[in-house]
Amino acid sequence: MMARRCSVKVVAAAVAVLATLALGGLVSAQGKWEAPPDVKKLKNPLPKSDKVLAQAKKIFETNCVACHGPKGLGDGPAAAALPVKPANWTSPATQSEADGELFWKITNGRGPMPPWKHLSENDRWTMVHFIRTLKK
Ligand code: HEC
């Protein structure tokens, strides 16, 4: 009898620990979005040019403007409906990130931010140049 009551307690404690871990995971998934440290070293292989920026603008208007807004402020028409606000690309938070971090985030996405792996690597790098043009 004793042993049985004891194991019930152990199970209850284990459930409590698991619930805390699961909840902690959910909460941290909404926290600051960090790219892995090794991607900071990645260098944009595309030289910045008018051609590259024109290509980026096309990609932006097709794929990003709905959420990130016409000026990249994170205020596109679809933003209001999202549980996590799209990043404001003009903000110091975004502009202080390394090119490789932005590239990694564009590639992998998180939550409502879709992964853009189906765009070519070059297309993703053009978007890094584009985001840099919004630096204030
Ligand atoms: C469906 C809405 C949506 C679309 C479309 C979208 N994004 Fe996002 N984006 C988000 C959200 C939401 C976040 C913030 C995610 C988070 O913090 O967890 C984000 C974050 C980012 C970030 C990270 C900025 C930072 O400082 O952390 C970059 C870079 C980015 N988006 C680039 C793009 C590019 C480039 C495109 C188009 C190819 C695009 N996004 C399309 C919703 C979107």
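Residues numbered from 1 in each chain as written. Predicted model: local features only at pLDDT ≥ 70, side-chain atom pairs only at ≥ 80, totals over all residues. Heavy atoms only, no water.

*Asks:* Explain the coordination of the iron atom of the ligand to me, please; I cannot follow it from the model alone.
*Replies:* Expected angles at a metal are 109.5 degrees for tetrahedral coordination by four donors and either 90 or 180 degrees for octahedral coordination by six donors. Within the protein, the atoms that donate to the iron atom of the ligand are His68 (NE2) and Met113 (SD), at distances of 2.0 to 2.2 Å. For the iron atom of the ligand, the six donor atoms are set out with angles of 88 to 180° between them, so the coordination reads as octahedral. Taken as a pair, His68 in helix H3 (residues 65-68) and Met113 in the loop between helix H5 (99-108) and helix H6 (121-132) lie far apart in primary sequence, 45 residues in all. (Donors = N, O, S within 2.8 Å, 3.2 Å for Na, K, Ca; no water. Tetrahedral: all angles 85-135°; square planar, octahedral: opposite > 155°, others 65-115°. Helix = DSSP H or I, 4+ residues; strand = E, 2+ residues; numbered from the N terminus.)

*Asks:* Looking at this model, I keep getting lost on the nonpolar core. Mind explaining?
*Replies:* For soluble globular proteins, the rule of thumb is that nonpolar side chains tend to be buried together. Membership of the largest hydrophobic core comes to 18 residues, with the highest contact counts inside it found for Phe60, Trp89, Ile106, Met127, Val128 and Phe130. Counting only elements with at least two residues in this core, the list comes to helix H2 (50-63), H5 and H6. If we ignore the near neighbours within four places in the chain, the residues touching Ile106 are Met113, Pro114, Pro115, Trp116, Arg124, Met127, Val128 and Ile131. (Core = buried A, V, L, I, M, F, W, Y, C linked by side-chain atoms within 4.5 Å. Buried < 20%, exposed > 50% of the residue type's maximum accessible area, 1.4 Å probe, protein only. Contact = heavy atoms within 4.5 Å.)

*Asks:* Is there a simple way to explain the layout of surface pockets in this structure?
*Replies:* Rolled over the atoms, a probe with the dimensions of a water molecule shows which regions are left empty. Approximately 760 Å³ is the volume attributed to the largest pocket. Counted by class, the lining of the largest pocket contains 19 nonpolar, seven polar and five charged residues. Domain assignment of the residues forming the lining of the largest pocket places at least three in each of domain 1 (1-31) and domain 2 (35-132). (1 Å grid on protein atoms, 1.4 Å probe; cavity = no way out; pocket = protein on both sides within 12 Å on 5 of 7 lines; lining within 4 Å. Points joined across faces, edges and corners; volume = space filled by probe spheres on them. Nonpolar A, V, L, I, M, F, W, Y, C, P; charged D, E, K, R; others polar. Domains from an automatic or database assignment.)

*Asks:* What am I meant to see in the pattern of salt bridges here?
*Replies:* Once the charged atoms of two side chains with opposite charge are near each other, the side chains can pair. Going through the model one piece at a time under the given rule, you end up with three salt bridges. Here Glu97 makes a salt bridge to Lys105, at a shortest N to O gap of 3.1 Å. For the pair Glu97 and Lys105, a shared accessibility class is recorded, and that class is buried. The closest approach of N and O atoms between Arg132 and Asp99, which form a salt bridge, is 2.9 Å. (Salt bridge = Lys/Arg side-chain N within 4 Å of Asp/Glu carboxyl O.)

*Asks:* Got a minute to help me understand the site of the ligand in this structure?
*Replies:* Around the ligand, the surrounding shell holds 22 residues, and the nearest of these are Cys64, Cys67, His68, Thr94 and Met113. One of the side-chain N or O atoms of His68 is found 2.8 Å from a nitrogen atom in the ligand. Within the side chain of Thr94, a nitrogen or oxygen atom sits 2.7 Å from an oxygen atom of the ligand. Those elements giving two or more residues to the shell around the ligand turn out to be H3, H5 and H6. (Near = heavy atom within 4 Å. Polar contact = N/O pair within 3.5 Å; in protein donor to acceptor, adjacent residues only side chain to side chain.)

*Asks:* Sorry, what's going on with the packing of H5 against H6 here?
*Replies:* The axes of two packed helices give the description: the angle between them and the distance between them. Two numbers describe how H5 lies on H6: the axes approach to 9 Å, and their chain directions differ by 125°. Put simply, H5 runs oblique to H6. Considering only the axes of H5 and H6, their crossing is right-handed. Touching Asp99, Gly100, Leu102, Phe103, Ile106 and Thr107 of H5 are Glu121, Arg124, Trp125, Met127, Val128, Ile131 and Arg132, all from H6. Taken together, the residues that form the contact of H5 with H6 break down as seven nonpolar, two polar and four charged. (Axes fitted to C-alpha atoms, helices over the stretch in contact; angles between N-to-C directions. Parallel < 35°, antiparallel > 145°, perpendicular 65-115°, else oblique. Left-handed = near helix turned anticlockwise from the far one by under 90°.)

*Asks:* How should I be thinking about H2 in this particular structure?
*Replies:* An α-helix turns once every 3.6 residues. As a result, residues three or four positions apart point the same way. An ideal rise of 1.5 Å per residue puts 20 Å on 14 residues; H2 measures up with 20 Å between its terminal C-alpha atoms. In the core, the buried residues of H2 are packed alongside H3 and H6. (Expected span 1.5 Å × (residues − 1).)

*Asks:* Teacher, can you tell me more about the side chain of Glu101 here?
*Replies:* On the secondary structure map, Glu101 appears in helix H5. The buried charged residue Glu101 lacks any salt bridge partner; its closest oppositely charged side chain belongs to Lys40, at an N-O distance of 4.3 Å. (Lys, Arg positive; Asp, Glu negative; His and termini not counted.)

*Asks:* Sorry, what's going on with the confidence of the model for the protein here?
*Replies:* Low-confidence regions, as indicated by low pLDDT, have predicted coordinates that should not be scrutinised in detail. Of the residues in the protein, 78% reach a pLDDT of 70 or more, and the chain-wide mean stands at 87. The low-confidence segment residues 17-28 (pLDDT under 50) makes one contact with residues lying over four places distant or belonging to another chain. (pLDDT = per-residue confidence, 0-100.)

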